[in-house]
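Fold and contact review
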Amino acid sequence: DVRALGLHGVGSSRMNRLNKAQKDKVKRFAAVSDSDEKTAIAVLKSKDVGWDLELGLEKFFTSAASTFSFGGATGAVNAKTLELTYKAYRAADNTHDEDIIDASGIEKLCADIGIDPVDPVILVVSMKMNAKAMGVFTKAEFFAGMKRMECDTIPQLKLKLPFLRKDLANPEVFKQVFEYSFDFAKDETHKSLPLETACGMFHVLLADRWPLCADWLEFLQKEHNKPVTRDTWTQTLEFSKQIKSGDMKGYDPAGAWPYLLDEFVEHVLEKNN
Amino acid sequence: NTSTVGTSSRPEGASGAGADRSTSSSSVESVRSLWDMGLALFRASLAEDTAGSRGTDGNDGAAPHSATNDVLGKATRGLLALVERERGGEAVDRAKVKRLTRAFRSLGVYSDRFEAPFLDATRAFYRAEGMTFAGRSGESVGEYLAHCQLRLAEEQRRCDDYLESGTRRALVQSVEKELVDRHVGWIVDNGFDAMMEKSDVAGLRRMHALLRRVDGGLDKLRVAFGSAVRARGVAVVKDEENDRDMVTKLLELKRRADEVAEESFGGDEAFNAVVKESFESFVNQRQNRPAELIAKHIDGKLRGAGKGETEDELEHSLDRAMALFRHIQGKDVFEAFYKKDLAKRLLLSKSASNDAEKSMISRLKAECGSQFTTKLEGMFKDVDISRDVMRSFRSDSERFAKVEAAGVELYVNVLTAGYWPTYPTVEVSLPPEMDALQGLFRDHYLGKHGGRRLVWQNSLGHCVLRAEFPKCGVKELAVSLFQAVVCLLFNGNSGSDGSLTFEEIRAATGIEDKELRRTLQSLACGKVRVLVKEPKGRDVEDGDSFSVNEQFNERLYRVKVNSIQLKETKEENAATNERVFQDRQYQIDAAIVRIMKTRKTLSHQLLIAELLAQVKFPARPTDLKKRIESLIDREYLERDRANAQVYNYLA
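Residues numbered from 1 in each chain as written. Chains lettered and ligands numbered in written order. Predicted model: local features only at pLDDT ≥ 70, side-chain atom pairs only at ≥ 80, totals over all residues. Heavy atoms only, no water.

A few words now on the overall build of chain A. Scanning chain A from terminus to terminus reveals 14 helices and four strands. Relative to its full complement of 273 residues, chain A shows a buried share of 47%. The contacts of chain A with a sequence gap of at least 6 include a subset with a gap of at least 24, amounting to 62%. Summed over all atoms, the accessible surface of chain A reaches about 14,200 Å², with 52% contributed by carbon and sulfur. (Helix = DSSP H or I, 4+ residues; strand = E, 2+ residues; numbered from the N terminus. Buried < 20%, exposed > 50% of the residue type's maximum accessible area, 1.4 Å probe, protein only. Contact = heavy atoms within 4.5 Å. Areas by Shrake-Rupley, 256 points an atom, 1.4 Å probe, with all protein chains shown as cover.)

Structure, rendered in structure tokens:
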């Protein structure tokens, strides 16, 4: 009998009593809030939340009694301060259904912390927030992200930037950010990323690290009039790490590169001849 | 000089000397026979240098051959000069020369003192001759080859006439080497193509015979043959302007190539193989079109295009067309077109010979497997069964009486969907009389075959309308169903106010816009005009109005109004090609899933290799890649996180 076998058995059996939608919500809650399933279920189950994910997250973050801290953090983040910070960028009540920071709010945020909206570090910030869509930070996402970054004010966030940039230098982190950016930038209902958006994102992420970025963008805009698939997106990063010069040194035509990259190689080699 | 030596030697051995020889040889062996001794003494004296020093018995190490001044040396030089003069065309006393060479032989000095310098001189002579003629631009290779053969024949005769038979081999080889071997490149590169062009079978035979004698000669010839066939073939296949002549030209090329291989190259298997390889390589240089054109060619034959041909000739034609088809790698394109064309032939009764149709099926079975031909055979069966169905319909007296009462003859072909090509269903509002007739048939048929579903293929229907025109009286118009439906609208509408606009016709017939425009165009803007269009013009525009052509005046009683226009055929062909293409994509997808399901995880290279082995039509790795990516996007597969060159199956 599994149930008799220890504590983790209890948690799983709790999960087993939930339906698929609820399980998904538990997982997402736990991810955004960095807590465990037990906490997630407890919050989501409660009467005033009633399995509403956003509501549950908001309640969790704004619960007055809690001061959150992350394992080994230098300082606790104050919920009330965060609330004030949030309010400064929150979209006006009559423009949206939910409590969010919208695109103009984000622009203002960027300006206030002194970054260009096309600075890749904003993607790191978004990733920390686990933001689902570009141009929107929900309240829960904002709270979770700031918590992760151990900031509750704008000046703190500004100070955090160099550390985030350093993170980007780590290839593992950069890969995460890169792959995250695909889902972040695309419409939830679509599978692939529209060409223009993809080009914008490629530019933000790769312009400074890949000598062939400009060629790649030119190629995409001239020759490829279709959206960019996820596979092509992720493989472009790999490609940019291996092939950095116009002679396409290191490229193996018999390799498993997506055909768009094969065509890119052909295009550049032809152009240079 | 020669005359002084010539007369005195008697190598045959006169009887007297023979007696002496035998007497001596029966005694001690170390003692030479008298004859031999005599020869030895004679030889020694000849070998004396006229200046006094010893000759070629090797002792003083002097240069052994014609450089010496002994009698033998002089004799040799003289002989060689004679040979050279003879080669130059002069007549020479051959008997005398023969006696001399025989003498050399008896003296045992033939090989050293004569043959060796003779061969040297021969080589020098022919080297010079070769250089003079071969390699010169403007020089005819054919003439050169003929010359070589003459020289070879000449030298052989020379050998027979006054040289020793042992010399023959080396002599012939020398000539071959100097005249042919040294110039193989020139011979083949300059002569071959022109001879191929002119179908100079004799010249090529000569080339083959000569090149056969030298090492690597035939290889070079084979390569040139292959290139020549391939070059011509590629030119034909890639000539897009002249697609309609492609098959005829290729058949002609095959005939010529086979003829050359047979007549000039002696039916050598290696050369036949070269023809096959060349055809295989160039016919596949262009995707799809050659297969389509071969199908069209065969369709023409089966419709009776070769009217002057006998049955046997027709069968030969088909054999040759199939031989060409055999080289094609993308056979599915051919199949799609063959099926489409067969359907048309069967439904419009256009087959010229049922035997030929059946023999084609056997050929296709042998070539493509029974999987393809069972569908075709099904089509034939359907046509036969339809005849029976019609018979039973006619004997269905209750229903058929109504058909007869309508005064319309009805014939229905019932097609089993899986066997026939897929046809687009085009909507049309039939006039009530036609609708009623269809209904009667349907009731009869479904009465007999309850579980089946009948779908009318209006795009395939054709009619014969009886029409009365003011100028030419009663005519029969052979038209398509759509054309008929449009025409019937004008019943009771004659005279200039009986016109109908495009929109009115569209509403009344329910025919889809593009199809309707095409139909009206075929009735009002083609060669035979049943209707007239206002305003005049090639294309049917919105607002155009149509009326019966009062001026219609055709000579024949039954007038065919063509509904198949060139553009339509192009569209049809493009659609067929598209369908084959789609089909191939499905096949690739299915193969990928099948392979990955079994292997679970596989590297890119291995997957591509497996696919190329499994897939029955030519597929490029790029196309395969695209399908793999599509399946990744649809989450059937994923790239391995650790190694992007490896794919994992996603259950």
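Moving on, there is more to tell.
We now examine the pattern of salt bridges. Within the structure shown, the criterion is met by 67 salt bridges over all chains. Note that Lys139(A) is salt-bridged to Glu83(A), the shortest N-O span being 3.1 Å. With Lys139(A) in helix H8 (residues 139–148) and Glu83(A) in helix H5 (residues 79–89), this pair connects stretches of sequence that are 56 residues apart. For Glu83(A), a relative accessible area of 17% translates into the label buried. The salt bridge partner of Lys220(B) is Asp189(B), with a shortest N-O separation of 4.0 Å. Linking Lys220(B) in helix H11 (residues 217–238) with Asp189(B) in helix H9 (residues 184–198), this pair joins segments that are 31 residues apart in sequence. Classification of Lys220(B) as partly exposed rests on a relative accessible area of 32%. The class of Asp189(B) is exposed, set by a relative accessible area of 56%. Residues joined in a network through salt bridges with shared partners are Glu86(B), Arg87(B), Arg94(B), Glu129(B), Arg151(B), Glu154(B), Glu155(B), Arg158(B) and Asp161(B). (Salt bridge = Lys/Arg side-chain N within 4 Å of Asp/Glu carboxyl O.)

Listed by partner, the interface residues are 17 residues for chain A and 14 residues for chain B. Counting the surface lost from both chain A and chain B, the interface buries some 1,300 Å², and carbon and sulfur atoms represent 41% of this. On the surface where chain A and chain B come into contact, there are three salt bridges. Lys625(B) serves as the salt-bridge partner of Asp262(A), at 2.4 Å between the closest nitrogen and oxygen. Where the side of chain A that touches chain B is concerned, the elements lending two or more residues are helix H13 (230–242) and helix H14 (259–272) of chain A. Per element, the largest residue contribution to the side of chain A that touches chain B is four residues, and it comes from H13(A). Each residue belonging to the side of chain A that touches chain B can be placed in one class, and the counts come to five nonpolar, five polar and seven charged. (Buried area = accessible area lost by both parts, 1.4 Å probe. Nonpolar A, V, L, I, M, F, W, Y, C, P; charged D, E, K, R; others polar.)

Residue and element names in this part refer to chain A. Here H13 crosses H14 at 45°, and the two axes come no closer than 9 Å. For the element pair H13 / H14, the angle class is oblique. In this structure, H13 contributes Thr232, Gln235, Thr236 and Phe239 to the contact, and H14 contributes Leu260, Leu261, Phe264 and Val265. Split into classes, the residues belonging to the contact of H13 with H14 amount to five nonpolar, three polar and no charged. (Axes fitted to C-alpha atoms, helices over the stretch in contact; angles between N-to-C directions. Parallel < 35°, antiparallel > 145°, perpendicular 65-115°, else oblique.)

Grouped together as the largest cluster of nonpolar side chains are 80 residues, with contacts concentrated most on Phe192(B), Phe225(B) and Ile298(B). What Phe192(B) contacts, discounting residues up to four positions off in sequence, is Ile187(B), Leu204(B), Met207(B), Leu221(B), Ala224(B), Phe225(B), Ala228(B) and Phe265(B). Membership of the second largest hydrophobic core comes to 66 residues, among which are Ile106(A), Met149(A), Leu220(A) and Leu237(A). (Core = buried A, V, L, I, M, F, W, Y, C linked by side-chain atoms within 4.5 Å.)

Time to look at the state of the cysteines. Throughout this description, disulfide means a covalent bond between two cysteine sulfur atoms. Under the defined criterion, the tally for this structure stands at zero disulfides over all chains. Of all cysteine sulfurs in the structure, the one in Cys110(A) sits closest to Cys151(A), which takes part in no disulfide; the separation is 14 Å. By relative accessible area, which is 2% here, Cys151(A) ends up buried. The closest cysteine sulfur to the non-disulfide-bonded Cys159(B) is located on Cys148(B), 19 Å from its own sulfur. Taking the relative accessible area as the measure of exposure, Cys159(B) reaches 2% and is therefore buried. (Disulfide = S-S within 2.5 Å.)

Here Arg584(B) is to be found in helix H24 (residues 566–599). Once residues lying within four places of it in the same chain are set aside, the contact partners of Arg584(B) are Asn288(B), Gly330(B), Asp332(B), Val333(B), Phe617(B) and Pro618(B).

This part takes up unusual backbone geometry. With an omega dihedral of -5°, the bond running from Glu534(B) to Pro535(B) counts as a cis peptide bond. Note on placement: Pro535(B) falls in the loop between strand E4 (531–534) and strand E5 (545–548). In this model, Asn130(A) sits at a positive phi of 55°, which is unusual for a non-glycine residue. Looking at the element boundaries, Asn130(A) is found in the loop between helix H7 (121–129) and strand E4 (137–138). The backbone of Ser349(B) sits at a positive phi, close to 55°, despite the residue not being glycine. Summarising the element assignment, Ser349(B) is placed in the loop between helix H16 (331–347) and helix H17 (354–368).

With that settled, consider empty space enclosed by the protein. Residue and element names in this part refer to chain B. Inspection of every chain in the model, using the stated rule, returns two cavities of 30 Å³ or more. The computed volume of the largest cavity comes to approximately 80 Å³. Val283, Asn284, Arg286, Gln287, Asn288, Pro290, Ala291, Ile328, Gln329, Gly330, Arg584 and Pro618 are the residues that line the largest cavity. Grouping the constituent residues of the lining of the largest cavity by class yields five nonpolar, five polar and two charged. (1 Å grid on protein atoms, 1.4 Å probe; cavity = no way out; pocket = protein on both sides within 12 Å on 5 of 7 lines; lining within 4 Å. Points joined across faces, edges and corners; volume = space filled by probe spheres on them.)

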